[in-house]
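A structural walkthrough
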Number of protein chains: 2
Amino acid sequence: MNNVSNMKIYKPAHEVFEAIVDPGQIGNFWFSSSSARWEQGKTVILKYDEYGAEGDIRIIEMVEDRKIVFEWDYGQDAHVVTITLNESNDGSTVIEVNEDGFNETDEQWIELLIGNKEGWVYMLTCLKAYLEFGVTTLRAALVKE
Amino acid sequence: MNNVSNMKIYKPAHEVFEAIVDPGQIGNFWFSSSSARWEQGKTVILKYDEYGAEGDIRIIEMVEDRKIVFEWDYGQDAHVVTITLNESNDGSTVIEVNEDGFNETDEQWIELLIGNKEGWVYMLTCLKAYLEFGVTTLRAALVKE
């Protein structure tokens, strides 16, 4: 099973792409840090200091300003995340995040799916606020039980 | 099964409460309109013009600046939503939304649960951006497939 989220951002695809791949920007809306600029074939370490979390992503495919595909570990499984950017004629961009690899035989799979949806919708809304309004401090405010 | 989301907002509980119950504010972060000020015992019509959606909520219980409990129809079932505000000594507030009533025998229940999580996390992030930064136009940008 996969998990798909789509958000419209009133900025060109290039700005959305750069916000994600540039380690100088990621801390404004998502992880606290990214160890390197994202590039195809690279492994990048992402840290989320506020939640004491760290993990790596393996970047499988990248098409500048259009697509990023990476693999990361989620629960017991490796998942593949595909981020697709579709810019419209009016200069806005729909960003789609598709995370695939949920294992329905895992007892925790629904909790993992729900937590995953929570994380992506939060990231996408923080990304929109950052790019459209320069708001950089919405992140790290989800309270986990 | 229920669906719980928690967000920390750096504003007093009174401001968070008012943003939700005051029909003059709701269009800044959630529905496009609310037919009346929310009060215990009232039925209020909520409209989401951008998605062509309309529904009513029945307000079961309300404790000023602390708690709102309402019932609404979600999928085939009536769900109970409990919004709880916990203000800290530093003047920030954790808002918890607990939606109860998901029917696991419904074929669509996982899709309903995921869509529900998406909606609440989006609303909470938009609410935070509105109250902390005065950003009023993050809403209505989730693209449905």
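Look up: the structure comes first, before these words.
Note that the coordinates shown come from a computational prediction; the quantities given were computed from them, not determined experimentally. (Residues numbered from 1 in each chain as written. Chains lettered and ligands numbered in written order. Predicted model: local features only at pLDDT ≥ 70, side-chain atom pairs only at ≥ 80, totals over all residues. Heavy atoms only, no water.)

**Some remarks on the nonpolar core**
Proteins that are soluble and globular tend to have nonpolar side chains buried together. If you look at the biggest cluster of nonpolar residues, it comprises 95 residues, and the most contacted ones within it are A:W38, A:I95, B:W38 and B:I95. Looking at this core element by element, the count peaks at 15 residues for helix α2 (residues 109-133) of chain B. What B:I95 contacts, discounting residues up to four positions off in sequence, is B:S5, B:N6, B:M7, B:I9, B:V16, B:I20, B:I83, B:T84, B:L85, B:L124 and B:L127. (Core = buried A, V, L, I, M, F, W, Y, C linked by side-chain atoms within 4.5 Å. Buried < 20%, exposed > 50% of the residue type's maximum accessible area, 1.4 Å probe, protein only. Helix = DSSP H or I, 4+ residues; strand = E, 2+ residues; numbered from the N terminus. Contact = heavy atoms within 4.5 Å.)

**Describing the side chain of B:S5**
With respect to the helices and strands, B:S5 occurs in strand β1 (residues 2-9). A distance of 2.8 Å separates a polar atom in the side chain of B:S5 from a polar atom in the side chain of B:K117. Contacts of B:S5, omitting those with residues within four sequence positions, involve A:E118, B:I95, B:E96, B:V97, B:K117, B:W120, B:V121 and B:L124. (Polar contact = N/O pair within 3.5 Å; in protein donor to acceptor, adjacent residues only side chain to side chain.)

**Considering the interface of chain B and chain A**
Between chain B and chain A, the contact holds 30 residues from the first and 30 residues from the second. When chain B packs against chain A, close to 2500 Å² is buried across both sides, 76% of that on carbon and sulfur atoms. Counting the surface chain B buries against chain A, the share from its top three residues, B:N6, B:I114 and B:L138, is 19%. Across the chain B-chain A interface, the total number found is two salt bridges. The element contributing the most residues to the side of chain B that touches chain A is α2(B), with 14 residues. (Buried area = accessible area lost by both parts, 1.4 Å probe. Salt bridge = Lys/Arg side-chain N within 4 Å of Asp/Glu carboxyl O.)

**Points about the packing of aromatic side chains**
Residue and element names in this part refer to chain A. Tallying each qualifying case throughout the model produces 24 aromatic pairs over all chains. Centroid distance W72 to W120: 5.8 Å. Interplanar angle 35 degrees. Geometry classified as tilted. Placement of the pair is W72 in strand β5 (residues 67-74) and W120 in helix α2 (residues 109-133), with a sequence separation of 48 residues. Since its relative accessible area comes to 12%, W72 is described here as buried. Clustering of aromatic rings is evident, with ring pairs tying together F29, W30, F31, W38, Y48, Y51, F70, W72, W120 and Y130. (Phe/Tyr/Trp six-rings, centres within 6.5 Å; stacked < 30°, edge-to-face > 60°.)

**Side note on the relation of the copies chain B and chain A**
For the pair chain B and chain A, the superposition axis carries a translation of 0.0 Å, the fit reaches an RMSD of 0.0 Å, and the rotation angle comes to 180 degrees. Look at the turn and shift together and you get a two-fold axis relating the two. Interface residue correspondence from chain B to chain A reaches 100%, placing this contact among same-surface, isologous pairings. (Least-squares fit on C-alpha atoms with pLDDT ≥ 70 in both.)

**Side note on unusual backbone geometry**
Within the chain, A:A140 stands out as a residue other than glycine whose phi angle is a positive 60 degrees. Within the secondary structure layout, A:A140 lies in the segment after α2. A relative accessible area of 24% places A:A140 in the partly exposed class. Although it is not a glycine, B:D65 sits at a positive phi angle of roughly 65 degrees. Inspection of the secondary structure puts B:D65 in the loop between β4 (53-63) and β5 (67-74). The partly exposed category is assigned to B:D65, whose relative accessible area is 21%.

**As for the pairing of strand β4 (residues 53-63) of chain A**
All names here are of chain A. Two elements, strand β3 (residues 43-48) and β4, share six bridges in a ladder whose sense is antiparallel. By the bridge assignment for β4, T43 is matched with R58. Where β3 folds back on β4, the antiparallel hairpin that results is connected by four residues, among which G52 adopts a positive phi of roughly 60 degrees. Where β4 meets β5, five bridges bridge the pair, whose relative direction is antiparallel. Following the sheet pairing, M62 is matched in β5 by I68. Taken together, β4 and the strand that follows it, β5, pair antiparallel across an intervening segment of three residues, in which D65 is found at a positive phi of about 65 degrees. (Pairing = 2+ DSSP bridges.)

**Thoughts on α2(B)**
Residues and elements named next belong to chain B. For α2, spanning 25 residues, the distance from its first C-alpha to its last is 36 Å, which sits close to the expected 36 Å at 1.5 Å a residue. With 21 of 25 residues buried, α2 is to be regarded as a mostly interior element. Among the residues trailing α2, G134 stands out with phi positive, at a value near 70 degrees. (Expected span 1.5 Å × (residues − 1).)

**A look at the environment of A:I57**
Residue and element names in this part refer to chain A. Looking at the secondary structure, you find I57 in strand β4. Linking I57 and T43, residues 14 residues apart in sequence, is a C-alpha distance of 5.6 Å. Once residues within four sequence positions are removed from consideration, I57 is found in contact with W38, K42, T43, V44, L46, F70, E71 and W72.

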